[in-house]
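# Architecture and fold: a report
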Amino acid sequence: MKTFPENFLWGAATSAPQSEGASRIDGKSDSTWDKWFEMAPERFNDNQGPQITSDMYHQYKEDVQRMKAIGMNSFRTSISWTRLLPDGQHLNPKAVAFYRDYFQELKANGIEPIINLFHFDMPWWLMEKGGWESRESVDTFAYYAKTAFQAFGDLVQNWTTFNEPMVHIECSYLQGYHYPAIHDFKKAVQAGYHTLMAHIKAVSEFRKLQIENAKIGILLNISPAYAKSDAPEDLRAKEIADHLNIFSFLDTTVLGQVPDFLIEILAANQLLPKTVAGDKALIANNPVDFVGMNYYQPFRVQAKLDGKQPAEDPSDLYASYVWPNRRMNEYRGWEIYPEALYDVAMLMKTKYHNIPWFVSENGMGVADEARFADKTGMIQDDYRIAFMQEHLVQLQRGIEAGSHCFGYHAWTFADCWSWLNGYRNRYGFYSVDLADHQKRTVKKSGLWFKTLTENNGFEA
Ligand code: BG6
C-alpha cells in the first residue's frame with residue numbers, strides 16, 4: 001500500500017478564464033482572451049472561445065457537490081482580474097458576491113480553496129498600455145492583489161499569485177500562442193521580469209495585511225531538463241535551460257535571489273532587463289511560504305553549437321532532442337516520464353531547503369475523448385488512471401525520502417476550455433457535453449480518485 005501523509009490535500013485545479021464562462025456579463029470587462037477571440041476567432045481550435053467554457057459561473061454550487069462526490073478535499077481556481085476590478089480600480093460588487101459565495105460553498109463542504117490571482121488573463125485595458133512589457137503593470141497588479149486579499153482574506157488561507165509565469169511569457173513573446181503573439185526575446189525577458197516584480201510586490205502587500213493563518217505561494221511550470229549526454233556542452237545546455245525555465249522564478253521567489261548564472265547568460269546575449277533601484281532588496285525580503293509545481297512532461301536538451309549570437313530565441317542557446325526511450329501520450333503528444341516527479345521532490349528538498357510544496361497540476365490530455373465513452377456515456381479513461389498512479393508512485397517515493405509535499409492536484413476537475421486549443425484536449429474527472437448545456441458526467445478516473453482519497457493511497 002502506498003500511503004500519503006495525514007491531511008494530504010487531494011484535489012483538482014482549474015482557472016477562472018477556463019472554467020467560469022460568463023465572460024461578458026455582470027460587469028466583467030474584457031481580458032486579452034475575450035478580445036483576441038473577437039478579433040481573430042479563426043485562430044482558435046474549432047472557433048471555440050472563452051464565453052461559456054464549463055459554465056462554472058452558473059453551476060458552481062452543483063460542481064462543489066460533484067467535487068465532494070469524488071472525494072476532493074481541496075480545489076484550486078483563480079479570480080478573474082477583469083471581473084473583480086473591471087477598470088482596474090473599482091470593485092465590481094457582483095464579482096465580490098460571486099466569489100464569496102463560491103468560496104463559502106467550498107468551505108462549507110470541506111473543500112479547501114487555493115486561490116490564484118493570474119492565470120494568463122491579462123486585462124485588455126492593461127494590455128493596451130503594454131501589458132507586462134510596461135513597468136506600470138507591477139503596481140497595477142499589486143493593487144489588484146491587495147484588493148483580493150482584503151475582499152476574501154477571511155475565507156481563503158492559501159493564496160498564489162501567478163500560474164506558470166514563464167509559460168505565459170514564452171507563449172506571448174516567443175511562440176505565438178498567447179496575445180500579443182510576437183517574437184521578441186528581449187521583450188520576453190523584460191515582461192518576465194515585470195511579472196516577477198508584480199509577484200514580489202503582491203507578496204509584500206500580503207505580508208503587510210498580516211491575515212491570520214494565511215499563506216502565499218506561486219505556481220510554476222516545472223519541466224526539468226535532462227541532458228542528452230554527460231558531455232560538457234550538453235550539461236551546459238541543461239544548465240541554461242533549467243536557469244531560464246525553472247530557476248529564474250524558483251530562486252527568486254523561494255531563495256530571494258536572481259541566480260548569477262542566469263545574469264551571465266542574459267548579459268552575454270544583451271538581454272538584461274531594466275530594473276528599478278530597490279528591486280533587489282524587495283526580491284530578497286519577500287520569499288513565498290510554499291510552491292505549487294505543475295508537472296506534465298520533461299524537457300530533453302542537447303548542446304546547440306551553431307545558434308545565433310546574441311541569441312534571438314532560447315533555441316539559439318540549447319536544442320531539444322528526442323530521447324530514444326521515450327514513451328508518449330499518443331492522445332496529446334507529450335512525453336510521459338513520471339520519474340521526473342521524484343527528481344522534483346528531491347530538488348525541493350535539497351536546493352530549496354525543503355520548502356512545503358504541492359503538485360498543483362498533473363494530468364493527461366486526450367483529444368477527441370468521447371470515443372472512449374461506454375454505452376452509458378461514461379468515459380472509460382483507464383489510460384488517465386494509469387498515468388496518475390504512475391506519477392503518484394514517484395511522488396510517494398519522494399515524500400518517503402523526506403520531501404515536504406503536502407498535496408496533489410489533478411488538472412482538472414471538469415473538462416475545460418484551453419486557450420487556442422479550445423476544447424480539444426480533455427483532462428477532467430468529469431466530462432462536459434458542449435451540446436447539452438455543459439452537462440457533466442463522471443469519468444472512471446473520478447471514481448478511482450474517490451477510492452484513492454478514501455484510502456489516502458493505493459495498492460501498488
Ligand atoms: C497548463 C496550464 O500548463 O496546461 C493550463 O496551466 C492548461 O491552463 C494545461 O489548460 C493543459 O494544457 P493543454 O494545452 O493541453 O490544454
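Every value quoted in this text rests on a predicted model; they were computed, and no experiment measured them.

### Details of the sheet that holds strand β5 (residues 158–163)
The strand order around the closed barrel formed by eight strands is β2-β3-β4-β5-β6-β8-β13-β15, and the pairing between neighbours is parallel. The sheet shows a mean angle of 25° between the axes of neighbouring strands, direction not considered. Two strands pair when backbone bridges link them, and strand β3 (residues 74–78) and strand β4 (residues 112–118) are joined in this way by five bridges, in the parallel orientation. Bridge assignment links Arg76 to a residue of β4, and that residue is Ile114.

### What to know about the environment of Lys443
As for its placement among the helices and strands, Lys443 is situated in the loop between β18 (439–442) and α15 (444–455). Accessibility expressed as a C-beta count within 10 Å gives 26 for Lys443, which makes it buried. Sequence-wise, Lys443 and Phe429 are 14 residues apart; in three dimensions their C-alpha atoms are separated by 5.5 Å.

### What about the confidence of the model for the protein?
Low-pLDDT stretches of the model should not have their predicted coordinates read in fine detail. Confidence in the prediction of the protein, expressed as mean pLDDT, is 98, and 100% of residues score 70 or more. Across the interfaces of the predicted complex, the ipTM metric reaches 0.98, alongside a pTM of 0.98.

### Concerning the sheet that holds strand β10 (residues 319–320)
Here three strands make up an open sheet; going across it, the order is β7-β9-β10 and the pairing mixed. Each end of this open sheet is capped by a strand with a single partner; those strands are β7 (225–227) and β10. Relative to β10, strand β9 (residues 299–302) runs antiparallel, the two being bridged by two bridges. Looking at β10, one finds that Gln302 is bridged to Ala319.

### A word on the nonpolar core
Among the nonpolar cores identified, the biggest contains 121 residues, and Val291 and Val344 are the most heavily contacted of them. With twelve residues, the top contributor of residues to this core is helix α9 (residues 185–209). Look past the residues within four positions of Val291 in its chain and what remains in contact with it is Gly217, Ile218, Leu220, Val254, Ile355 and Trp357. Membership of the second largest hydrophobic core comes to seven residues, among which are Trp36, Met122, Met127 and Tyr179.

### A few points about the packing of helix α10 (residues 232–255) against helix α11 (residues 260–268)
Relative orientation of the contacting elements α10 and α11 amounts to 110°, with a least axis distance of 10 Å. Relative to α11, the element α10 lies roughly perpendicular. For the element pair α10 and α11, the recorded crossing hand is left-handed. Together, Glu239, Ile240, His243, Phe247 and Ser248 of α10 and Phe261, Leu262 and Ile265 of α11 make up the contact between the two elements. Grouping the constituent residues of the contact of α10 with α11 by class yields five nonpolar, two polar and one charged.

How each quantity is defined
Residues numbered from 1 in each chain as written. Predicted model: local features only at pLDDT ≥ 70, side-chain atom pairs only at ≥ 80, totals over all residues. Pairing = 2+ DSSP bridges. Helix = DSSP H or I, 4+ residues; strand = E, 2+ residues; numbered from the N terminus. Axes fitted to C-alpha atoms, helices over the stretch in contact; angles between N-to-C directions. Buried ≥ 20, exposed ≤ 12 C-beta atoms within 10 Å, placed from the backbone. pLDDT = per-residue confidence, 0-100. Core = buried A, V, L, I, M, F, W, Y, C linked by C-beta atoms within 7 Å. Contact = placed C-beta atoms within 7 Å. Parallel < 35°, antiparallel > 145°, perpendicular 65-115°, else oblique. Left-handed = near helix turned anticlockwise from the far one by under 90°. Nonpolar A, V, L, I, M, F, W, Y, C, P; charged D, E, K, R; others polar.

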